[in-house]
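What the coordinates show
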Amino acid sequence: MQIIKPKYWLSCLRFVIQNLLRDSNLNIESDDFDLIKSFNSGNRQAFNILIMKYREKVYSFTRKMLNNHDDADDVTQDIFIKLYNSLKDFRGDSKFSTYLYRVSYNFSLNLLKSRSVKYSRQDDSQEIEFAVDYDISFSDNPDSVEQTRLLEDAFRKIPEQQ
């Protein structure tokens, strides 16, 4: 265990108190980079301020993309969980709002893509069921020949512009 000299200890204490006082001045008007820096230094309240600042904007954006309240609500929550876990990796190359917009866009797009795959799989299975239910075999059997003739007559009666 290392013993801290009193002079050094006081300067450390002063530094900690200054940071606590500075962090207590954080509010919704605070700069995003200051909030992120404070959060990465251990101040969880800074993240709550980021949520308050951007929650409605993120929800509004995802709602427009997804056209569904529940999905937008879920995606908004997922976005902020992702941010909580990865905000330490935010480099600051762009504005935080731009970064958040991109994350929101990607989350929404991923949900839409996953839904598209699910629907296409359902559509494929319905097509297979349809094909199985209405399979017509063309064999030499007399009933089949009659079915073929009836189908050909029906196709001839359909107008070409239909």
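Note that the structure is predicted; figures quoted are calculated from it, not measured. (Residues numbered from 1 in each chain as written. Predicted model: local features only at pLDDT ≥ 70, side-chain atom pairs only at ≥ 80, totals over all residues. Heavy atoms only, no water.)

1. Points about the packing of helix α2 (residues 32-40) against helix α3 (residues 44-66)
For the pair α2 and α3, interaxial distance at closest approach is 7 Å and the crossing angle is 145°. Considering only the axes of α2 and α3, their crossing is left-handed. Residue-level contacts link Asp32, Leu35, Ile36, Ser38 and Phe39 of α2 to Arg44, Ala46, Phe47, Ile49, Leu50, Lys53 and Tyr54 of α3. Split by residue class, the contact of α2 with α3 holds 8 nonpolar, 1 polar and 3 charged. (Axes fitted to C-alpha atoms, helices over the stretch in contact; angles between N-to-C directions. Helix = DSSP H or I, 4+ residues; strand = E, 2+ residues; numbered from the N terminus. Left-handed = near helix turned anticlockwise from the far one by under 90°. Contact = heavy atoms within 4.5 Å. Nonpolar A, V, L, I, M, F, W, Y, C, P; charged D, E, K, R; others polar.)

2. Examining α2
Residues of α2 that are buried include every one of Asp32, Leu35, Ile36, Ser38 and Phe39, and no others. All buried residues of α2 lie within an arc of 165° about the axis, which places them on one face of the element. Regarding α2, its N-cap is Asp31, as a side-chain oxygen of that residue lies 3.2 Å from the backbone nitrogen of Phe33 further along. Count one or two residues on from α2 and you reach Gly42, which has phi positive near 115°. (Buried < 20%, exposed > 50% of the residue type's maximum accessible area, 1.4 Å probe, protein only. Arc of directions from axis to C-beta. Polar contact = N/O pair within 3.5 Å; in protein donor to acceptor, adjacent residues only side chain to side chain.)

3. As for the nonpolar core
Residues Leu50, Leu83, Leu87 and Phe96 are the most contacted members of the largest nonpolar core, which totals 20 residues. Those residues in contact with Leu83, other than ones at most four positions away along the chain, are Phe47, Phe96, Tyr99 and Leu100. (Core = buried A, V, L, I, M, F, W, Y, C linked by side-chain atoms within 4.5 Å.)

4. Concerning the pattern of salt bridges
With the rule as written, the count across this model stands at 4 salt bridges. With a shortest N-O distance of 2.7 Å, Lys53 and Asp32 are connected by a salt bridge. Taken together, the residues Lys53 in helix α3 and Asp32 in helix α2 connect sequence positions 21 residues apart. (Salt bridge = Lys/Arg side-chain N within 4 Å of Asp/Glu carboxyl O.)

5. Considering the confidence of the model for the protein chain
Confidence in the prediction for the protein chain averages 74 pLDDT; 57% of positions are at 70 or higher. For the protein chain, helix α1 (residues 6-24) is the element with the lowest average pLDDT, namely 52, and helix α4 (residues 69-86) is the one with the highest, namely 94. Note that residues 124-140 has pLDDT below 50 and, in this model, 8 contacts with residues that lie over four places away or in other chains. (pLDDT = per-residue confidence, 0-100.)

6. Overview of the side chain of Asp32
In this structure Asp32 comes out as buried when scored by relative accessible area, which is 11%. Here the side chain of Asp32 touches Tyr54 through a polar contact of 2.4 Å, side chain to side chain. With near-sequence residues (within four places) excluded, Asp32 lies in contact with Leu50, Lys53, Tyr54, Phe96 and Ser97.

7. Some details on the environment of Arg115
Positionally, Arg115 belongs in helix α5 (residues 96-133). Residue classification places Arg115 among the partly exposed positions, given a relative accessible area of 28%. A polar contact of 2.6 Å, which involves the side chain of Arg115, links it to the side chain of Asp71.

8. Describing the environment of Ser86
Take Ser86: it is sitting in helix α4. Given a relative accessible area of 10%, Ser86 falls into the buried group. Within the structure, the side chain of Ser86 is placed 2.8 Å from the backbone oxygen of Lys82, a separation counted as a polar contact.

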